[in-house]
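# Geometric and topological summary
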Amino acid sequence: MKADRSSHRYQAFVPMVLPDRTWPDRTLTAPPRWLSTDLRDGNQALVNPMTPARKLAMFELLVEMGYKEIEVGFPVASQDEYDFVRMLIEQDRIPDDVRITVMSQARDELIRRTVESLRGARSAVVHVYNATAPLFRDLVFGIGRQECVDLAVQGTAAVMRYGERLLGDCDLGYQYSPELFNETEPDFAVEVCEAVMDLWQPGPGREIVLNFPATVERSTPNVFADQIEWLDRNLSRPEYRCLSIHPHNDRGTGVAATELAMMAGAKRVEGCLFGGGERAGNVCLVTLGLNMLTHGIDPGIDFSDLDRVRRTVEYCSELPVSPRHPYGGDLVFTAFSGSHQDAIKKGFAALEAEAAAAGQSVRDRMWRMPYLPIAPEDVGRSYEAVVRINSQSGKGGVAYVMSAWHGLDLPRDLQIEFARTVQSVADATGAEITPDRIGRLFEQEYLSTADETRQLAVSRVPVFAELFVDGAGPASADGAVRADEIASLRETLQPWGVEVRDVRHTGPESKSHDPEREAAVYARCDFGGEPVWGFGRGPDLHAAAFSAVRAAAARARETAVELAEAVERH
């Protein structure tokens, strides 16, 4: 392999020294304050910025999901951005418990127009930023530290001046961001923020949000957490300032950096649904929120119809969500591997058994499931999508599909045999086998197609049969096939030369209490050779058992004919 000759151009991010860090010993117990920046940062990063209709659809989705702080735009970026903010206010589309935010650079004329966009708003935040990192101070702007502090203070003064002059009774909040904070000298970040707070004078009923963006993610998550803990220790007025973070995902560790930063003291998180935003995106609010849910913490956001959330985000952004995106991707609850499918099937069976034994609903039980960190139903996904069948799948997956889609709980040996049939079809086609097709394959293979009036031919040699009743049977109350039912089944089949050796049941007892459900029986019959399976349905156990044995006999005859023809050909 050719050596990589470009690594000399890069150097490791220098971590700050914080030997007495405390965040590694903390755990998350409550959600942060969430701010969605889908309509600002997320929108600015699109090839085609959202139309007003798409922006409104996104805003309404965020409100319905429960976001109380929403950054609705950058009013000086374009007339469309300005007009959208005006539309929300003039058409009274902002709920009383939702606070909108608008953003501006720390320039007087831009701040004035930004504040003007908020005329008539009941409650709003103006978010001002300027870059503070040495690279930008030196290379981009050509300014020193004091000039950088002056920009931040002048921007704060402009918000106060224009807010008082233009907004009347609006409950006006203020947010300041030292842009590229994670590349800024920590002491200088504190210096700038203290200068801003000295002017704003946060106090009772007058909060300031200090937002710290990892504008370009360059370090490992632990370094970001150290920076946040150091800030939280060294910034004054902790009771009146909200320490907020705005992580990006350039290194692919935005979620981890955010969770560690919350452990380090961050109280507010800015991000986008499904990680929208510039370059590799902002931190994903969906992943963060559902990570909290899977640890028993209510995120305060409604993710119960995640497919709808994804469809709306895709419509608004005109960008697809990856099928492998955590929680929301099309394939994240899907198992193709046979061993995974078998483990999931057993997990569902155990969960149902535990719930039944406790007299509870399955939804009242603790979620313990192989390979699935969250219950698909909790985010509006169906269990039917959990297991999908292709050439890598095994008996567990096929059995799960037969149970979940078709209500049939196959005996284990039949699962193994039928899985081979499905496998051969998958190998031949090279494609996924849908649940509907799997059901048709099962019926074609095991269900008799003979006229129901046709009688079972009397066998000249003894036929031994084991019957598996799917469910406990309509006449059973305790989950077992009753002794009198077994005797009756033996009496029904004995005249046809069939000796019933055993009757068991498969599948949950609850099936037998469904008045609209036909009886279902699987028969494993020995016609003097290898056992042959058949399946039957009927209005009662007798009819179903008769059909199952007849189906097995038909399959045995077909096998004998095929064998005879093969011998004759050779």
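Since we're looking at a predicted model, the values are computed, not measured.

### Looking at the pattern of salt bridges
- Taken as a whole and judged by the stated rule, the model has 45 salt bridges.
- Between Arg145 and Asp187 there is a salt bridge, with its nearest N and O atoms 3.4 Å apart. Of the two residues, Arg145 is situated in helix 6 (residues 145-166) and Asp187 in helix 7 (residues 186-200); the sequence distance between them amounts to 42 residues.
- Here Arg145 falls in the partly exposed class, since its relative accessible area comes to 30%.
- It is possible to trace a salt-bridge network through shared partners that takes in Arg33, Glu69, Glu207, Arg268 and Glu270.

### Description of the sheet that holds strand 8 (residues 268-271)
- Pairing is parallel in the closed barrel, where 8 strands are placed in the order 1-2-3-4-5-6-7-8. Shown here is a sheet whose adjacent strand axes are inclined to one another by a mean of 25°, direction ignored.
- In this structure, strand 1 (residues 33-36) lies alongside strand 8, joined through 4 bridges in parallel fashion. By the bridge assignment, Ser36 is partnered in strand 8 with Gly271.

### Considerations on the UniProt feature "binding site: Mg(2+)" (unreviewed entry) in the protein chain
- The UniProt record annotates "binding site: Mg(2+)" (unreviewed entry) at Asp41, His246, His248 and Asn282. Spanning 242 residues, the named residues form one tight spatial group whose C-alpha atoms are at most 10.8 Å apart.
- Residue class for Asp41 comes out buried when judged on its relative accessible area of 3%.
- Non-local contacts of Asp41, meaning those with residues more than four positions away in its chain, are made with His246, His248, Gly277, Glu278 and Asn282.
- Tracing the backbone through its elements, the reader meets His248 in the loop between strand 7 (241-247) and helix 9 (254-263).
- Judged by its relative accessible area of 1%, His248 is buried.
- Excluding residues within four positions of it along the chain, His248 makes contact with Asp41, Ala214, Thr215, Glu217, Gly254, Glu278, Arg279, Gly281 and Asn282.
- Separated by 3.3 Å, the side chains of His248 and His246 make a polar contact.

### Considerations on the pairing of strand 4 (residues 123-131)
- The buried fraction of strand 4 amounts to 9 of the 9 residues, a majority that puts the element mostly inside the structure.
- Going residue by residue along strand 4, you find Ser123, Val125, His127, Tyr129 and Ala131 tucked away on one face and Ala124, Val126, Val128 and Asn130 tucked away on the opposite face as well.
- In terms of strand pairing, strand 3 (residues 99-105) meets strand 4 through 6 bridges, oriented parallel. Residue Met103 lies in a different strand from strand 4, and its bridge partner there is His127.
- Each parallel crossover has a hand, and the one from strand 3 via helix 4 (residues 108-116) to strand 4 is right-handed.
- Here strand 4 runs beside strand 5 (residues 171-179); their pairing, made up of 9 bridges, is parallel. Following the sheet pairing, Tyr129 is matched in strand 5 by Ser177.

Rules and cut-offs
Residues numbered from 1 in each chain as written. Predicted model: local features only at pLDDT ≥ 70, side-chain atom pairs only at ≥ 80, totals over all residues. Heavy atoms only, no water. Salt bridge = Lys/Arg side-chain N within 4 Å of Asp/Glu carboxyl O. Helix = DSSP H or I, 4+ residues; strand = E, 2+ residues; numbered from the N terminus. Buried < 20%, exposed > 50% of the residue type's maximum accessible area, 1.4 Å probe, protein only. Pairing = 2+ DSSP bridges. Axes fitted to C-alpha atoms, helices over the stretch in contact; angles between N-to-C directions. UniProt positions renumbered as here; feature names shortened; annotations may be inferred. Contact = heavy atoms within 4.5 Å. Polar contact = N/O pair within 3.5 Å; in protein donor to acceptor, adjacent residues only side chain to side chain. Right-handed = clockwise from strand over helix to strand, strands pointing away.

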